[in-house]
Amino acid sequence: MSLPIVTSAPGKVIIFGEHSAVFKEPVIAASVSSLRSYLLVTATDDENVIELDFPDIKLDNKWKRQDIAVLKECAVSAASSSHNELSQELGVALEPLLANLNDPLHYHAAYCFLYLYTCLCGAKTGLKFTVKSTLPIGAGLGSSASISVCLALAMGILGGHISDSGDKLSNSDLSFVNTWSFIGEKCINGTPSGIDNAVATYGNAVSFQRQDDNTIKFERILDFPQIPLILTNTKIPRSTKTLVGNVVKLAEREPLITKPILSAMGHIATRGAEILSSLSDENYPVLLELVRLNHGLLVSLGVSHPGLEVIRSLSDTMKIGSTKLTGAGGGGCALTLIDKNASDSEIDEFKSQLQKDHGYVSLSTGLGGMGCSYVSSEKLKGHVASLATVFARDTTVEEIDSVLLPNGGPLSWVH
Ligand SMILES: Nc1ncnc2c1ncn2[C@@H]1O[C@H](COP(=O)(O)OP(=O)(O)OP(=O)(O)O)[C@@H](O)[C@H]1O
Ligand SMILES: C[C@@](O)(CCO)CC(=O)[O-]
Ligand SMILES: [Mg+2]
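The name given to the protein chain in an unreviewed UniProt entry is Mevalonate kinase, with Lachancea mirantina as the source organism. One UniProt comment on the protein chain, placed under Function (unreviewed entry), says "Mevalonate kinase; part of the second module of ergosterol biosynthesis pathway that includes the middle steps of the pathway. The second module is carried out in the vacuole and involves the formation of farnesyl diphosphate, which is also an important intermediate in the biosynthesis of ubiquinone, dolichol, heme and prenylated proteins." Word for word, the UniProt comment on the protein chain under Catalytic activity (unreviewed entry) is "(R)-mevalonate + ATP = (R)-5-phosphomevalonate + ADP + H(+)".

Shown next as structure tokens:
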């Protein structure tokens, strides 16, 4: 395997079914292929270390060969056991390597990295992993899944599980990345449903339902319609792990109340999928209604935030469309599905009021597009200097996009 290598994965928007997905209800989500994470793997100067450089969260950490070597046995056993649960033994063995990381953002990112690395690459050293993302972190757009997918794909190639000589990722490559990025999501989030990593792996749009036996009913929706929506980032920080944990606790405390709420959310996702598969001017208002219903149920589970209600309330007042939180909620992003009667100037006014009065940022983006992808070292020849520049600290989104964004930049991506 020659270096450098670059991998990438998109963010996602959940249209219907966040939180209920964790309780094995159906969920529909689409990739946001213009907002992505990118991972560059290079050789380190000191071949006795592995280095993790996550400039977006100001984390740069190195581990020595002997620290990694002691994990070998439990990593082999974790890699060969069930891929639905994390290995407690490996978790305990990793603790001393994470002991200096007090910020939970750092801890979970490094835990995900080390868990995947030891399982997929063994005790190899001499590698540096640098991650840059154009996705807002912790805002509901699947940043954690996109970095897990980047890591799983790169480590799949480095560990010899995925060949980097083809011109396409095979179904079994994608299934490998999906399985291991789910493990990475577990390291960051505890009990994810697997929807975020599935969308970041496969791209486009996906309908997904975890079954009671933990298998997944999964459909790739290749002709997902472009629905007119506005994403608004409140920039209110929150953690998916905490929000999902709170809903799980509520469901344990009040099963008779929460079960019908969660199953109603599942019915919304099923109905939403039906409407999206035959979207027309006639049934479009039903989609708006489903967004309103879905948000109301999420509010009842306690995962909204006054800052998100500002967006919902303004879109109702101005009759712009229907708003729901997207992702885990508690802050982060809301999506507003635009009412076809809303004029362009009203939509502009809606965005600028949210910006002026609350400092919120509107993200205009299409849905769907490329899932995980990589550029092999062969195809990176001639680009090494520009890669060093964009993966440095403090590069802007525009600078990153100009070099790395698939379908626009100079690199030829395999996907
Ligand atoms: N660019 C990045 N660099 C390093 N770590 C990151 C990056 N992006 C995400 N992470 C990790 O993922 C965590 C955020 O994940 P979290 O699941 O809370 O939010 P999200 O994935 O953005 O939103 P959601 O899960 O609701 O879609 C961070 O705490 C960090 O550990
Ligand atoms: C809140 C949640 O439903 C979506 C987070 O993007 C959690 C999950 O499904 O893993
Ligand atoms: Mg996440």
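From this point, the narrative continues.
> How should the overall build of the protein chain be read in this particular structure?
A count of helices and strands for the protein chain gives 15 helices and 12 strands. A compact globule built from 415 residues should have a C-alpha radius of gyration of about 22 Å, and the protein chain, at 21 Å, falls within 12% of that. Principal-axis analysis of the C-alpha atoms places the extent of the protein chain at approximately 60 × 50 × 40 Å. Here the protein chain holds 415 residues, and 55% of them are scored as buried. Put simply, of all contacts in the protein chain between residues at least 6 apart along the chain, 75% involve residues at least 24 apart. Working note: accessible area of the protein chain is about 17,200 Å², and carbon and sulfur atoms make up 52% of it. Of the side-chain charges in the protein chain, 33 are positive and 43 negative, and the distance between the mean point of each set is 2 Å.

> Any chance you could explain the sheet that holds strand β8 (residues 229-233) here in plain terms?
Sheet strands line up and pair through hydrogen bonds in the backbone, either parallel or antiparallel. An order of β9-β10-β8-β11 is seen for the four strands of this open sheet, with the pairing classed as antiparallel. Either end of the sheet is taken by a strand with one partner, and the two such strands are β9 (321-325) and β11 (361-363). For this sheet, the mean inter-axis angle between neighbouring strands, taken without regard to orientation, is 25°. Pairing between β9 and strand β10 (residues 333-338): five bridges, direction antiparallel. Looking across to β10, one finds that K324 is bridged to L335. Sheet strands touched by helix α10 (residues 284-300): β9 and β10. Its angle to β9, the strand with the most contacts, is close to 35°. Helix α11 (residues 306-317) contacts β8, β9 and β10 of the sheet and is inclined by roughly 170° relative to β9.

> What should I look at first to understand the site of ligand 2 in this one?
Around ligand 2, 13 residues are found, and the nearest of them are K12, H19, P192, S193 and D196. Between ligand 2 and D196, the relevant distance is 2.7 Å, taken from an oxygen atom to a side-chain nitrogen or oxygen of the residue. The protein chains hide 98% of the 290 Å² of surface that ligand 2 would expose on its own. Placement of ligand 2 is best described as lying within the largest pocket. Contributions of two or more residues to the shell around ligand 2 are made by β1 (5-16) and α7 (195-202). Residues lining the shell around ligand 2 come from more than one domain, with at least three contributed by each of domain 1 (5-221 + 369-404) and domain 2 (228-367).

> Is there a simple way to think about the side chain of K132 in this case?
Locating K132 in the fold gives a position in strand β5 (residues 127-133). A polar atom in the side chain of K132 sits 3.4 Å from the backbone oxygen of A392. Within the structure, K132 has its side chain in polar contact with the side chain of T395 (distance 3.2 Å). Filtering out sequence-adjacent residues up to four positions away, K132 remains in contact with R36, S37, Y38, P55, D56, V390, F391, A392, R393, D394, T395 and I400.

> Please clarify how the site of ligand 1 should be interpreted in this entry.
Around ligand 1 lies a shell of 23 residues, among which K12, G142, S143, R238 and T240 are the nearest. Here an oxygen atom of ligand 1 and a side-chain polar atom of K12 are 2.6 Å apart. At 2.5 Å, a side-chain N or O of R238 approaches an oxygen atom of ligand 1. Look at ligand 1: alone it shows 630 Å² of surface, and the protein chains cover 96% of it. When atom positions are compared with the pocket grids, ligand 1 is found to occupy the largest pocket. For the shell around ligand 1, the secondary structure elements donating two or more residues are α4 (104-121), α5 (143-158) and α6 (171-189). Among the elements that make up the shell around ligand 1, the one with the highest residue count is α5 (three residues). Tallied by class, residues from the shell around ligand 1 come to 10 nonpolar, nine polar and four charged.

> Any chance you could explain the UniProt feature "domain: GHMP kinase C-terminal" (unreviewed entry) in the protein chain here in plain terms?
Within the UniProt annotation, "domain: GHMP kinase C-terminal" (unreviewed entry) is assigned to residues 285-353. Summarising residues 285-353: 55% helix, 16% strand, and an end-to-end C-alpha distance of 25 Å.

> Any chance you could explain the UniProt feature "domain: GHMP kinase N-terminal" (unreviewed entry) in the protein chain here in plain terms?
As annotated in UniProt, the feature "domain: GHMP kinase N-terminal" (unreviewed entry) corresponds to residues 121-203 in the numbering used here. From the first C-alpha to the last, residues 121-203 spans 25 Å; its make-up is 53% helix and 8% strand.

> Honestly, helix α2 (residues 72-80) in this entry has me stumped. Any pointers?
Two residues of an α-helix separated by three or four positions point the same way, owing to the 3.6 residues in each turn. Among the residues of α2, C74, A75 and A78 are the ones counted as buried. Taken around the axis of α2, the buried residues stretch over an arc of 100°, which confines them to a single face. Residues K72, E73, V76 and S80 are exposed on α2 and point more than 90 degrees away from its buried face.

> Sorry, what's going on with unusual backbone geometry here?
Leaving glycine aside, a negative phi is the common case for residues, and trans is the common case for peptide bonds. Look at the link from L3 to P4: it is a cis peptide, with omega at 0°. Along the polypeptide, P4 turns up in the segment before β1. Positive phi outside glycine occurs at K24, with the angle close to 65°. If you check the backbone angles, N214 has positive phi at about 75° while not being a glycine. Residue class for N214 comes out partly exposed when judged on its relative accessible area of 28%.

Calculation rules
Residue positions are given per chain, counting from 1 as you read along its sequence in written order. To read the labels, note that chains go from A and ligands from 1, taken in the order they are written. Selection of residues for local features in this predicted model requires a pLDDT of at least 70, selection of side-chain atom pairs for listing and counting requires 80 or more, and totals for whole chains, interfaces and linings are taken over all residues. By convention in this description, side-chain values take in all heavy atoms of the structure and omit both hydrogens and water. UniProt positions are given in the numbering used here, feature names are shortened, and annotations may be inferred rather than shown by experiment. Only DSSP runs of H or I reaching four residues or more are called helices, and only runs of E reaching two or more are called strands; each is numbered from the N terminus. The reference for a compact globule is 2.2 Å times residues^0.38; the radius of gyration itself is calculated from the C-alpha atoms. In this scheme, a residue with accessible area under 20% of its type's maximum is buried, one over 50% is exposed, and one in between is partly exposed, where area comes from a 1.4 Å probe on protein chains only. Contacts between residues were defined by any pair of non-hydrogen atoms, one from each residue, lying within 4.5 Å. Residue burial considers only the protein chains on display, and all accessible areas are found by Shrake-Rupley using a 1.4 Å probe. Only four residue types enter the tally: Lys and Arg on the positive side, Asp and Glu on the negative side, with His and both chain ends excluded. Note on charges: their place is set at NZ of Lys, CZ of Arg, CG of Asp or CD of Glu. When DSSP finds two or more bridges between two strands, those strands count as paired. Axes, fitted as lines to C-alpha atoms, cover a helix only where it is in contact. Angles between the N-to-C directions of the axes lie from 0 to 180 degrees. A cutoff of 4 Å decides nearness: a residue is near a molecule or strand if any of its heavy atoms lies inside that distance of it. Under this definition, polar contacts are N or O atom pairs within 3.5 Å; protein pairs additionally need one hydrogen-donor-capable and one acceptor-capable atom, and for neighbouring residues in sequence, both atoms have to be side-chain atoms. Definitions used throughout: a 1 Å grid over protein atoms alone; a cavity as a set of points that fits a 1.4 Å probe which cannot get out; a pocket as an open set with protein on both sides within 12 Å along at least five of seven lines; a lining residue as one with an atom within 4 Å of a point. Throughout, a molecule is located in a cavity or pocket provided that more than half of its atoms lie within 2 Å of its grid points. Domain borders in the structure are assigned automatically or taken from a domain database. Charged residues are taken to be Asp, Glu, Lys and Arg, nonpolar residues to be Ala, Val, Leu, Ile, Met, Phe, Trp, Tyr, Cys and Pro, and polar residues to be all remaining types, Gly included. The directions considered for the arc are those from the helix axis to the C-beta atoms.

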